[in-house]
Amino acid sequence: MKKKYFATLIAATAITPAIVSPSMTYAEQPIFSDIQPSSSYASAIKLLHDKGAITGFSDNTFRPQDTITRQHALIVLERLIAFPSIRDGMEFTDVSEHHSYYETIQNAYKAGLIDGQPNGSFNPNAPITRAQIAKIFAKAFHLQATTTTSFSDVPKSHWSYPYVQALNSSYLTTTSNKFLLNEPLTRGQFALFLEKLLSQDEMEESVLPIGQWGGKIAIPQSPLSVILQINEDGKTYFSVPAQGLNNYPVSSIEVNNDQLKISVDIAGTVISIEGKVEEDRIVADFSQNGMTFPLILTPYEPPVITYEELLIPVENGQLKVALEMPEKAIAKVPVAVIIAGSGPTTKDGNTAAGENNSLKMLAEGLAQQGIATIRFDKRGVGDNVGLIQDEGDLRFTSYSQDVEQMIEFLQQDSRFSSVHLIGHSEGSLVGILAAQTTTVASMTSIAGAGRPIDEILLEQLSVQLPQPLLERVTAILAQLKKGEMVDDIPEDLSALFRPSVQPYLVSWLKYDPAIQLAELDIPTLIVQGNNDLQVTKTDAERLHTAKSDAEIIYFDMMNHVLKDAPADRDGNLKTYANPTLPLTEGIVEKISTFILK
């Protein structure tokens, strides 16, 4: 069992974050050695294995590309459903009473699923064809042809025609104009057919809890809000608003009477939600990486959106942003771009640690002071996840270039008198870089790092890692700082230094925030909380030393999410998942006074 370490500041730079960020993670073990979780057959084979219908071969393989024989197709099917008799049995010439599958073959004949060959044989070891399986499935699952589709290789005169049409009416065939009647069925294809049939059969017997359901995963100290959207057609979507994960399609949903089972595969991490559907709630267990937490879901009403959504042209598409305007603004007002911190931090300031709504509160507070704001999910997060297709393509300047485009966009809007930047945590450096190449009226750095990121990472990890691993991190960062990729990353450090994130780290390590801030010739405000666990007073002082004409203010009790918090770590972290706590008193007024000067 390997321990994986996460630095507090960058937690994760992945496009799709982990739902739970534990210190211990467990690799999912494939059921069969030749079926990885990413395989197109994985969910179907797992379903059949869990139901006891398949066992695979003695070498722990499933061999999805091998053909499946007539006798094996029947034995798997009989393990899943009953074969009710509608006629007497028949003795096949090649299936004696001593045959291993004699009873199963007899039962299939009695149920009308098979008829055998004209010469009285059954050919149990012959590969089953697609035409033969069409008949078996149509009869076993009582499928009816409600529509007709023309397959060029299935004439109406062929014995299998009604069965192929029955499968097609149940959406079990492909969009190809050929059915490939005589082609042998593979073991993988057989599993996929059965998965669809079983899910349809169970959904017909059970009632889907259609609608939106919301609740909190009861993670100690940091409950995490999630949303399930279940549509009438069975399509289901999973959202974790605090992490910017919105409407992610689930891998599978099963409803059996009042029992619900949902599986979600997010970047190779498998999540399951299993529980009971009651009249007005779903009582379930949420499981990921070997850990299980209670989850109660109730009907969910989306929050009322008080902001205007804008689409701003950026590289590779359009960035969706939230414009919060002062109420009843009758003249031009200043507008501030609020830039969120590192990892999958959302436009509201929420992270993997939970929902705190810090940046949402800041935007709403500034609106009350007469200042408009733009806040946004970064490319690769939440509303803007589609702007990154490959994590390896992301660079630190990708973020600052997006902010540059926003500034130019806002300067064309007649509602605004001036454009300002507010960067929180990593967003501080993003804003500083954007301000170097555009014209803005001011820069506010909140909890902004004052040292290169490698120094901060080593400081954070020094209290988590044993000395040998800390030395390895030091060597990795030194190599990345030279612009060189590192191949041999220990598994313990893969979350921080996986190959796909290394180009981003290289681009980030180039910058010293204090040196970059010194180049700005605009009014600057530095805001720092004395109870911040992630960015310290040392960082604020270094920024102020680099730009001595900047204003600086400290808030005694403020932590990294802009809330009053105790100095002890556990109590401090609890505020990261408490959206009811107000912002530290005076922070909104200080920033608004600075901007309105």
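Residues numbered from 1 in each chain as written. Predicted model: local features only at pLDDT ≥ 70, side-chain atom pairs only at ≥ 80, totals over all residues. Heavy atoms only, no water.

Asker: Help me understand the sheet that holds strand 8 (residues 282-288), please; the structure alone is not making it clear to me.
Answerer: What links the strands of a sheet is backbone hydrogen bonding, and the strands pair in either a parallel or an antiparallel sense. With antiparallel pairing, the 9 strands of this open sheet are ordered in space as 4-3-2-1-9-8-7-6-5. Every other strand in the sheet has two partners, leaving strand 4 (245-249) and strand 5 (252-256) as the edge strands with one partner each. The mean inter-strand angle of the sheet, taken between neighbouring strand axes irrespective of direction, is 20°. The sheet contact formed by strand 5 and strand 6 (residues 259-266) spans 5 bridges and is antiparallel. What sits directly across from Asn 256, in strand 6, is Gln 259. (Pairing = 2+ DSSP bridges. Helix = DSSP H or I, 4+ residues; strand = E, 2+ residues; numbered from the N terminus. Axes fitted to C-alpha atoms, helices over the stretch in contact; angles between N-to-C directions.)

Asker: Looking at this structure, how should I read the pattern of salt bridges?
Answerer: Where charged atoms from two side chains of opposite charge come close, those side chains can pair. According to the stated counting rule, one finds 24 salt bridges in the structure shown. A salt bridge links Arg 542 to Asp 512; the shortest N-O distance between them is 2.7 Å. Of this pair, Arg 542 sits in helix 15 (residues 537-546) while Asp 512 sits in the loop between helix 13 (502-509) and helix 14 (513-518), and the two are 30 residues apart along the sequence. Taking relative accessible area as the criterion, Asp 512 reaches 12% and is therefore assigned buried. Put simply, Arg 87, Asp 115 and Lys 135 are held in one network by salt bridges that share partners. (Salt bridge = Lys/Arg side-chain N within 4 Å of Asp/Glu carboxyl O. Buried < 20%, exposed > 50% of the residue type's maximum accessible area, 1.4 Å probe, protein only.)

Asker: Looking at this structure, I do not really get the nonpolar core. What am I missing?
Answerer: Core analysis: the largest hydrophobic core is formed by 65 residues, its most contacted members being Val 337, Ile 374, Phe 376, Val 403, Met 406, Leu 421 and Phe 497. The residues contacting Phe 376, other than those within four sequence positions of it, are Leu 319, Lys 320, Val 321, Val 337, Ile 338, Ile 339, Thr 346, Lys 347, Val 403 and Met 406. Grouped together as the second largest cluster of nonpolar side chains are 57 residues, Leu 80, Ala 108, Ile 133 and Ala 134 included. (Core = buried A, V, L, I, M, F, W, Y, C linked by side-chain atoms within 4.5 Å. Contact = heavy atoms within 4.5 Å.)

Asker: How should I be thinking about the side chain of Asn 384 in this particular structure?
Answerer: Tracing the chain through its elements places Asn 384 in the loop between strand 13 (372-376) and helix 8 (396-411). Judged by relative accessible area, Asn 384 falls into the buried class, the value being 2%. Separated by 2.7 Å, the side chain of Asn 384 and the backbone nitrogen of Lys 320 make a polar contact. A polar side-chain atom of Asn 384 sits 2.5 Å from the main-chain carbonyl oxygen of Asp 377. If we ignore the near neighbours within four places in the chain, the residues touching Asn 384 are Gln 318, Leu 319, Lys 320, Asp 377, Lys 378 and Arg 379. (Polar contact = N/O pair within 3.5 Å; in protein donor to acceptor, adjacent residues only side chain to side chain.)

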